[in-house]
Amino acid sequence: MISTKGRYALRVMLDLAEHDPEEYVPLEEIALRQGISKKYLETILKNLVQKDMLQGVRGRGGGYRLTREPKDYSVGEILELTEDTLAVVACLKEDAEFCKRRSYCKTFPMWEKLNKMTHDFYFGITLEDLM
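Enquirer: So what's going on with the overall build of the chain? Residues and values would help.
Expert: Check the secondary structure of the chain and you find six helices and two strands. N-terminal to C-terminal, the α/β element order of the chain is α-α-α-β-β-α-α-α. Considered along the principal axes of its C-alpha atoms, the chain spans approximately 60 × 25 × 25 Å. In the chain, which comprises 131 residues, the share counted as buried stands at 37%. Within the chain, contacts between residues separated by at least 24 positions form 64% of all contacts whose residues are at least 6 apart in sequence. Carbon together with sulfur atoms contributes 52% to the accessible area of the chain, which is approximately 8,800 Å² in total. If the 20 positive side-chain charges of the chain are averaged to one point and the 22 negative ones to another, these points end up 8 Å apart.

Given below as structure tokens:
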């Protein structure tokens, strides 16, 4: 399940994708359009800037803008930055401990297939597709 933070991050990235790529969009404008509190939005934007998904400038004329073209951002990439994991079950997380039942678990192949489908779905959609 995708958290509020993940959904908001995706909305913010889409909001910025719909603006002039050369202009910085003020936090206040994004917050107002998206109906997200400025304080909560600041934490999301800070994370996206730290991961080089956005460029931020403080002060007069400042704000946020994308660092790449909308076609170069996948939904999966954005969600992976905000969610702990996109794995559908704990045993498929990247940092999961090896499960000794894996070799004979009758449900593992099903979870593995669903995990791949989910991954391929999210990584197959770009911001440009959503625009």
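After that view, the rundown keeps rolling.
Enquirer: With reference to specific residues and values, describe the state of the cysteines.
Expert: For the coordinates displayed, the defined rule picks out zero disulfides. Among the cysteines around C91, which has no disulfide bond, C99 carries the closest sulfur, lying 6.2 Å off. Classification of C91 by relative accessible area gives partly exposed; the value is 29%.

Enquirer: Describe a nonpolar patch on the surface, and please don't skip the residues or the numbers.
Expert: On the surface, a cluster of nonpolar side chains totalling about 420 Å² of accessible area is made up of V88, M110, W111, L114 and M117. With respect to the helices, strands and loops of the structure, V88 is situated in the loop between helix 4 (75–82) and helix 5 (108–123).

Enquirer: Which residues make up the pairing of strand 1 (residues 54–57), and what are the values?
Expert: One ladder, built from four bridges, connects strand 1 with strand 2 (residues 63–66); its direction is antiparallel. Counterpart to V57 in the pairing with strand 2 is G63. Remark: five residues form the turn of the hairpin made by strand 1 and strand 2, two consecutive strands paired antiparallel; G59 in that turn has positive phi of roughly 90°.

Enquirer: Let's hear about the packing of aromatic side chains: which residues, and what values?
Expert: Evaluation of the coordinates by the stated rule reveals two aromatic pairs. Considering the side-chain rings of Y8 and Y40, the 5.7 Å spacing of their centres and the 75° angle between planes classify their relative orientation as edge-to-face. You can see Y8 sitting in helix 1 (residues 4–17) and its partner Y40 sitting in helix 3 (residues 38–50), a full 32 residues away along the chain. Owing to a relative accessible area of 18%, Y8 belongs among the buried residues under this scheme. It is R68 that lies over the ring of Y73; its NZ or CZ is 4.2 Å from the centre.

Enquirer: Just give me the short version of the pattern of salt bridges, but keep the residues and values in it.
Expert: Tallied over the entire structure, the rule returns six salt bridges. R33 is paired through a salt bridge with D15; the nearest N and O atoms lie 2.8 Å apart. Placement of R33 in helix 2 (residues 27–34) and of D15 in helix 1 is noted, with a sequence separation of 18 residues between them. For D15, a relative accessible area of 3% puts it in the buried group. A salt bridge links R68 to E77, with the nearest nitrogen and oxygen atoms 2.7 Å apart. On the basis of relative accessibility, which here comes to 30%, the residue R68 falls in the partly exposed class. If you follow the salt bridges from partner to partner, you end up with D15, E29 and R33 in one network.

Cut-offs used in this document
- Position numbers for residues start from 1 in each chain and track the written sequence from start to end.
- At least 70 in pLDDT is required for a residue's local features to be given in this predicted model, at least 80 for side-chain atom pairs to be given and counted, and no such filter applies to totals for whole chains, interfaces and linings, which use all residues.
- Side-chain descriptors were evaluated using all non-hydrogen atoms of the structure, hydrogens and water having been removed beforehand.
- Where helices and strands are cited, they refer to DSSP runs of H or I of at least four residues and of E of at least two residues respectively, numbered from the N terminus.
- Classification of residues uses two cut-offs on accessible area relative to the type maximum, computed with a 1.4 Å probe and protein chains only: under 20% is buried, over 50% is exposed, and between them is partly exposed.
- Two residues form a contact once any of their heavy atoms are found within 4.5 Å.
- For every accessible area listed, the method is Shrake-Rupley and the probe measures 1.4 Å; residues are considered covered only by the protein chains on display.
- His is not counted here, nor are the chain ends, while Lys and Arg score as positive and Asp and Glu score as negative.
- Where a charge lies is defined by one atom per residue type: Lys uses NZ, Arg uses CZ, Asp uses CG and Glu uses CD.
- In this description, a disulfide is simply a cysteine sulfur pair whose atoms lie within 2.5 Å.
- A patch is a set of surface residues, each over 30% in relative accessible area and not in a salt bridge, joined within 9 Å for like charges and within 5 Å for the nonpolar side chains Val, Leu, Ile, Met, Phe, Trp and Tyr.
- Salt bridges, as used here, are contacts in which a Lys or Arg side-chain nitrogen is within 4 Å of a carboxyl oxygen on Asp or Glu.
- Paired strands, as defined in this entry, are two strands with at least two bridges between them according to DSSP.
- Note on ring pairs: Phe, Tyr and Trp rings are taken, using the six-membered ring of Trp, and paired if centres are within 6.5 Å. Classes follow the plane angle, with under 30 degrees stacked, over 60 edge-to-face and the rest tilted.
- As a reminder, the over-ring test applies to NZ of lysine and CZ of arginine, requiring each to be within 6 Å of the ring centre and within 35 degrees of the ring normal.

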